[in-house]
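Residue strings, one per chain:
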Amino acid sequence: MVMASFTALTEGEVYVPGLPSEYVAERYGIAPDQIAKLGSAENPHGASPKARAAVEAALGRLDLYPDWTARRLREAIAQKYGFDADNVVCGSGETEVISMVIRAFARPDAPVMMHDPCFPLYRIYSNCEGRCPVFTPTGKDFDPLVDQYIENLRKLKPRIAFITNPHNPSGRLIDEAGVRRICDAASEGTLMVLDEAYIHYSETEFGMQLLRDYPNLIVLRTFSKAFGLAGLRVGFGISANPRLILPLRNIKPTWNMGQLQIAGGVAAINDDEHVRRAVKTVVEMRAYVAERLATVPGFRMVPGSRANFFLTEILAPELDSTTVFEELLKRGVIVKNGADIPGLGSRYLRVDVNLKRHMDRFVSALADIRSA
Ligand SMILES: Cc1ncc(COP(=O)(O)O)c(C=O)c1O
């Protein structure tokens, strides 16, 4: 038999997600409930209880096709933020919306701008679709360098420009004035995409207020973080300009949102109590872990995170991120290895802010690794 020889267009960089607890439990013989899972920025209190109940109630509709535009969910989201359903598009996770935005608005070879480092999927999807990722730098401790961002908008003339606010992986926030300055500087030929996956944890939700001032702006949000629905896969894009939303609806996989995703999302969007609880825990534990980490020599918290994770810098010259990552796994602590985040290098770990017992376990494990 003659085998056809295929070369995929998408070879190359692959996204490295946080490890699942089961993998670490099996590999190191640790009980799953003893593992501190701090590599995927999930909600410390689990799923929104309202969403859980709604998903269970929707099980009776599994035999029926969902509305292909997820109208009920678009209406609920639009109502929450004072828009119409035509201002919203939903995706199977925010990441699906990111891929749709790149496909719909950047032609092949068109520049797509992002920070270096940044959430790797902007770059991976741009490359997969034959678009051209271009980068604007971050400064000391991942300062977003707003002036330089604006200069690069003018110089590189990207078709799409991403801002992740708070930034992943550093958690740093550009304030409202900074985001406005960027949006003011963007030419009409640039679509501004404000990725607010972690915005609840910054306790300043200004992105939605900018929409009416900037017709070339889309805000992206996810249900995976503050709503605790990472396993359900729900995200959305919203713009005051429905002409930015319609092309996304036209290219999306037709039934990308199932009955359970729609039902869970509708219930979660108004579960303010669950969001408040998660935000309170994260804000308190962010301060707590900063204090505790300051007592461990050889490591340093990168200051300024307003997200539910932070970067730990490895100062001890005999250690690098892969060694510390592996040693933490042996001690039942999962974090994200900086070496797996393009542009970050081998001196950093990204660590979730979670319940106190997990933070304690992380800090004690680091102290143990240093003294070993
Ligand atoms: C900046 C950023 N945007 C989007 C997402 C993905 O969201 P979702 O789970 O809805 O696909 C993540 C997840 O890690 C993220 O870090």
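Bear in mind the structure is a predicted one, so any value in this text is a computation, not a measurement.

(A) Structural context of the overall build of the protein. Per the secondary structure count, the protein includes 13 helices and 13 strands. In terms of overall size, the protein behaves like a compact globule, its C-alpha atoms giving a radius of gyration of 21 Å where 372 residues would be expected to give roughly 21 Å. With the C-alpha coordinates aligned to their principal axes, the bounding extent of the protein is approximately 65 × 60 × 55 Å.

(B) Quick peek at the sheet that holds strand 5 (residues 160–164). Strand order in the open sheet formed by seven strands is 2-8-7-6-5-3-4, with mixed pairing between adjacent strands. Either end of the sheet is taken by a strand with one partner, and the two such strands are strand 2 (88–91) and strand 4 (132–137). Strand after strand, the sheet turns through a mean of 25° between neighbouring axes, direction not considered. As judged from the six bridges shared by strand 3 (residues 111–116) and strand 4, these two strands associate in the parallel manner. Bridge assignment links M113 to a residue of strand 4, and that residue is V134. Taken strand by strand, helix 3 (residues 71–81) contacts strand 2 and strand 8 (235–238), and its axis lies near 125° from that of strand 2. Its contacts with the sheet place helix 4 (residues 94–105) against strand 2, strand 3, strand 5, strand 6 (191–195), strand 7 (217–222) and strand 8, and it is angled at close to 40° to strand 8.

(C) Seen up close, the pairing of strand 13 (residues 348–352). In terms of burial, strand 13 is largely enclosed, as five of its five residues are buried. In strand 13, alternate side chains face the same way, and those of Y348, R350 and D352 on one face and L349 and V351 on the other are all buried. With five bridges joining them, strand 10 (residues 309–314) and strand 13 adopt antiparallel strand pairing. Bridged to F310 within strand 13 is V351. In this sheet, strand 13 lies alongside strand 12 (residues 336–337) in antiparallel orientation, the contact comprising two bridges. When the sheet's bridge partners are listed, K336 is paired in strand 13 with R350.

(D) Broad picture of the sheet that holds strand 13. Ordered by their spatial adjacency, four strands build an open sheet running 9-10-13-12, and the pairing between neighbours is antiparallel. The open sheet is flanked by strand 9 (299–301) and strand 12, the only strands paired with a single partner. Against the sheet, helix 12 (residues 321–330) makes contact with strand 10, strand 12 and strand 13, and its axis sits at roughly 35° relative to strand 13, the strand it touches most.

Rules used throughout
Residues numbered from 1 in each chain as written. Predicted model: local features only at pLDDT ≥ 70, side-chain atom pairs only at ≥ 80, totals over all residues. Helix = DSSP H or I, 4+ residues; strand = E, 2+ residues; numbered from the N terminus. Rg over C-alpha atoms; globule rule 2.2 N^0.38 Å. Pairing = 2+ DSSP bridges. Axes fitted to C-alpha atoms, helices over the stretch in contact; angles between N-to-C directions. Contact = placed C-beta atoms within 7 Å. Buried ≥ 20, exposed ≤ 12 C-beta atoms within 10 Å, placed from the backbone.

Geometric values such as these leave the question of function open.
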